[in-house]
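Next come the chains, spelled out residue by residue.
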Amino acid sequence: GENVEQHPSTLSVQEGDSAVIKCTYSDSASNYFPWYKQELGKRPQLIIDIRSNVGEKKDQRIAVTLNKTAKHFSLHITETQPEDSAVYFCAASMPRAGNMLTFGGGTRLMVKP
Amino acid sequence: EAQVTQNPRYLITVTGKKLTVTCSQNMNHEYMSWYRQDPGLGLRQIYYSMNVEVTDKGDVPEGYKVSRKEKRNFPLILESPSPNQTSLYFCASSFYRPIVGELFFGEGSRLTVL
């Protein structure tokens with residue numbers, strides 16, 4: 001089945017700096033890549049997603065890039081703020097399994113004021 | 001308010017004592033799923049359901065059962081809980097398959113099996 005590796009597992013940045021989280025996937029047929037943010041004690045929520053027909057997508061301070069050849073995608077957060085502190089999960093679809101999602105292991109991002 | 005509701009939110013039980021975690025959504029979603037969250041392992045899918053009376057195993061189904069008798073409800077059943085099922089559980093739903101739209105998660109149920 002699909003395997004999604006996410007790095008780093010923890011990331012600490014200074015407020016105002018940029019943060020980058022990377023994920024690799026194994027199934028070349030995967031075509032949908034969402035990112036979920038989970039604040040402490042809360043439920044995961046979708047923050048951005050990208051489909052395989054585009055290479056980059058932006059929404060204000062967050063962006064996602066996709067490299068289908070290398071089978072990796074990344075989340076970029078610019079001008080980080082303390083409220084960006086959370087656990088971030090990447091995921092990839094599994095076309096050979098009904099397009100279910102496989103999630104990465106998560107990245108705990110800490111933004112220091 | 002559109003939401004996915006899980007109960008109980010917290011539960012401590014003992015090995016072998018059957019328990020059920022309920023999940024209900026009010027968005028008329030066809031797809032529902034259960035995940036468990038463990039440190040470093042992310043969200044792993046236990047079971048999912050594409051519609052009423054249709055359920056399928058996810059990545060880690062052993063020790064769990066589910067049912068989908070009504071569109072809005074998708075309970076998770078642990079017939080004989082064991083300590084390795086101590087985890088944070090999330091129910092989630094989406095309009096169709098997660099690839100089509102956002103996956104809405106419940107608040108989570110933290111289960112401890114002694």
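Predicted model only: the values in this text are computed from it and were never measured.

Participant: Explanation requested: the overall build of chain A in the structure shown.
Facilitator: A tally of regular secondary structure across chain A gives zero helices and eleven strands. Along chain A, helices (α) and strands (β) appear in the sequence β-β-β-β-β-β-β-β-β-β-β when read from the amino end. In terms of overall dimensions, chain A is globule-like: its C-alpha atoms have a radius of gyration of 14 Å, near the 13 Å expected for 113 residues. By its C-alpha atoms, chain A is 45 × 30 × 20 Å across when sized along the principal axes. For chain A, long-range pairs separated by at least 24 residues make up 54% of all intrachain contacts whose partners lie at least 6 apart in sequence.

Participant: Before we go on, may I ask you to explain the state of the cysteines in this structure?
Facilitator: Here is the idea: a disulfide is a covalent bond, and it sits between the sulfur atoms of two cysteines. This structure, assessed with the given rule, holds two disulfides over all chains. Covalent S-S linkage joins cysteine 23 of chain A and cysteine 90 of chain A, the inter-sulfur distance amounting to 2.0 Å. Across the S-S bond linking cysteine 23 of chain A and cysteine 90 of chain A, the dihedral sits near -100 degrees, which makes this disulfide left-handed. Taken together, the residues cysteine 23 of chain A in strand S3 (residues 19-25) and cysteine 90 of chain A in strand S9 (residues 86-94) connect sequence positions 67 residues apart. For cysteine 23 of chain A, a relative accessible area of 0% translates into the label buried. Across a sulfur-sulfur distance of 1.9 Å, cysteine 23 of chain B and cysteine 91 of chain B are joined as a disulfide pair. Every disulfide takes its handedness from the sign of the S-S torsion; for cysteine 23 of chain B and cysteine 91 of chain B that torsion is -75 degrees, giving left-handed. Of this pair, cysteine 23 of chain B sits in strand S3 (residues 19-25) while cysteine 91 of chain B is found in strand S9 (residues 87-94), placing the two residues 68 residues apart along the sequence. Residue cysteine 23 of chain B is classed as buried on the basis of its relative accessible area of 3%.

Participant: When you look at the sheet that holds S3 of chain A in this model, what are you seeing that I'm missing?
Facilitator: Note on sheets: strands pair through backbone hydrogen bonds, and any given pair is parallel or antiparallel. Residues and elements named next belong to chain A. Within the open sheet, the five strands sit side by side as S1-S3-S8-S7-S6. Their pairing is antiparallel. Looking at which strands have only one partner, the edges of the open sheet turn out to be strand S1 (4-7) and strand S6 (56-59). Sheet twist, expressed as the mean angle between neighbouring strand axes with direction ignored, is 15 degrees. Of the pairings in the sheet, the one linking S6 to strand S7 (residues 62-67) comprises four bridges and is antiparallel in character. For lysine 57, the partnering residue across the bridge sits in S7 and is valine 64.

Participant: Please explain the sheet that holds strand S1 (residues 4-7) of chain B as it appears in this structure.
Facilitator: All names here are of chain B. A sheet is described by the order of its strands in space; here four strands give the open sequence S1-S3-S8-S7, paired in antiparallel fashion. The open sheet has two free edges, formed respectively by S1 and strand S7 (65-66), since each of these has just one partner strand. Judged from the two bridges that link them, S7 and strand S8 (residues 76-78) form a sheet pairing that is antiparallel. Note on S8: the bridge partner recorded for lysine 65 is isoleucine 77.

Participant: Help me understand the interface of chain B and chain A, please; the structure alone is not making it clear to me.
Facilitator: Note: interface size is frequently given as the accessible area lost on complex formation between the parts. Listed by partner, the interface residues are 22 residues for chain B and 19 residues for chain A. Carbon and sulfur atoms make up 55% of the surface buried where chain B meets chain A, a total of about 1,800 Å² over both sides. Summed over the shared surface of chain B and chain A, the number is one salt bridge. Among the ionic pairs, glutamate 107 of chain B bridges to arginine 43 of chain A, the shortest N-O distance being 2.6 Å.

Participant: What should I look at first to understand the pattern of salt bridges in this one?
Facilitator: When the charged atoms of two side chains lie near each other, side chains of opposite charge can form a pair. All names here are of chain B. The tally for this structure, following the rule as stated, stands at eight salt bridges over all chains. Among the salt bridges present, the one from lysine 18 reaches glutamate 79, with a minimum N-O distance of 4.0 Å. Of this pair, lysine 18 sits in the loop between strand S2 (10-13) and S3 while glutamate 79 sits in the loop between S8 and S9; the two residues are 61 residues apart in sequence, bridging distant segments of the chain. Overall, the relative accessible area of 36% leaves glutamate 79 in the partly exposed class.

Thresholds, definitions, all that
Residues numbered from 1 in each chain as written. Chains lettered and ligands numbered in written order. Predicted model: local features only at pLDDT ≥ 70, side-chain atom pairs only at ≥ 80, totals over all residues. Heavy atoms only, no water. Helix = DSSP H or I, 4+ residues; strand = E, 2+ residues; numbered from the N terminus. Rg over C-alpha atoms; globule rule 2.2 N^0.38 Å. Contact = heavy atoms within 4.5 Å. Disulfide = S-S within 2.5 Å. Buried < 20%, exposed > 50% of the residue type's maximum accessible area, 1.4 Å probe, protein only. Pairing = 2+ DSSP bridges. Axes fitted to C-alpha atoms, helices over the stretch in contact; angles between N-to-C directions. Buried area = accessible area lost by both parts, 1.4 Å probe. Salt bridge = Lys/Arg side-chain N within 4 Å of Asp/Glu carboxyl O.

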